[in-house]
Amino acid sequence: MRISRTLPVAAVVAAVGVLSLAAVPAQAAEYSSALKVKGVQYDAPGRDSNKCSGGNTAAEYLTIKNYSKTAKVNLKGYVVKDAAGNKFTFTKSHTLEPGDYIKLRGGRGTDSDTKNVVYRQNCNFMWNNDKDTIYFYKPSGARADVHSYTKKANDRDGNGYINYHG
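Residues numbered from 1 in each chain as written. Predicted model: local features only at pLDDT ≥ 70, side-chain atom pairs only at ≥ 80, totals over all residues. Heavy atoms only, no water.

1. Let's talk about the sheet that holds strand β4 (residues 79-81)
Okay, so step 1: Pairing is antiparallel in the open sheet, where four strands are placed in the order β5-β4-β9-β10. This sheet does not close on itself; its edge strands, each paired only once, are β5 (87-89) and β10 (143-150). Averaged over all pairs of adjacent strands, the angle between strand axes in this sheet comes to 10 degrees, irrespective of strand direction.
Okay, so step 2: Sheet topology places β4 next to β5; three bridges connect them, and they run antiparallel. The partner of Lys-81 across the bridge, within β5, is Lys-87. (Pairing = 2+ DSSP bridges. Helix = DSSP H or I, 4+ residues; strand = E, 2+ residues; numbered from the N terminus. Axes fitted to C-alpha atoms, helices over the stretch in contact; angles between N-to-C directions.)

The following block contains the structure:
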């Protein structure tokens, strides 16, 4: 005689849910945001010089991309910070179409939506050359994206650029 034991459907679903959660590797938190940090040129090519005239802070930049397939997003009110608390707030309207990007550069310059660039109007470097954390906040204060890096672990080719979201 064979005894058949069946579990209630809810118990099976709960068990499968627990097993599937256990199989998921630990990863960085993924935030619900159309805008994300695509990459960072954390180390400007050449010797660092933060002089407003003749320096290379404009060669250091953060690329922010609109990953939405349908929504336009205005950057006004978004905030970028580093681990030390240096921050930049987008105070002007810059609307990113779906798939569009903008480079937030150091140094002084003229913002241009057609050239996809915004300048921090600050000649100091924002990102550390060895390690740092990039925080990107929505106008509401909620996190849109965050990435930590170390030169040794994340920049294998040593070119000073790290790509995050393709």
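Structure shown, so let's carry the discussion forward.
2. Notes on the confidence of the model for the chain
Okay, so step 1: Across the chain, the average pLDDT comes to 85, with 82% of residues at 70 or higher.
Okay, so step 2: This stretch, residues 1-28, has a pLDDT under 50; its non-local contacts, to residues over four places away or in other chains, come to one contact. (pLDDT = per-residue confidence, 0-100. Contact = heavy atoms within 4.5 Å.)

3. Examining the pairing of strand β1 (residues 35-41)
Okay, so step 1: Burial analysis of β1 places six of its seven residues in the buried class, the great majority of the element.
Okay, so step 2: Of the strand pairs in this sheet, β1 and strand β2 (residues 61-66) are connected by six bridges, and their pairing is antiparallel. The partner of Lys-36 across the bridge, within β2, is Lys-65.
Okay, so step 3: Here three bridges tie β1 to strand β11 (residues 161-163), and the two strands are oriented antiparallel to one another. Following the sheet pairing, Gly-39 is matched in β11 by Asn-163. (Buried < 20%, exposed > 50% of the residue type's maximum accessible area, 1.4 Å probe, protein only.)

4. Describing the environment of Gly-39
Okay, so step 1: Relative to the elements of secondary structure, Gly-39 occurs in strand β1.
Okay, so step 2: It is 9.6 Å that separates the C-alpha atoms of Gly-39 and His-147, two residues lying 108 residues apart in sequence.
Okay, so step 3: For Gly-39, the contacting residues outside a window of four places in its chain are Tyr-61, Leu-62, Thr-63, Tyr-161, Ile-162, Asn-163 and Tyr-164.

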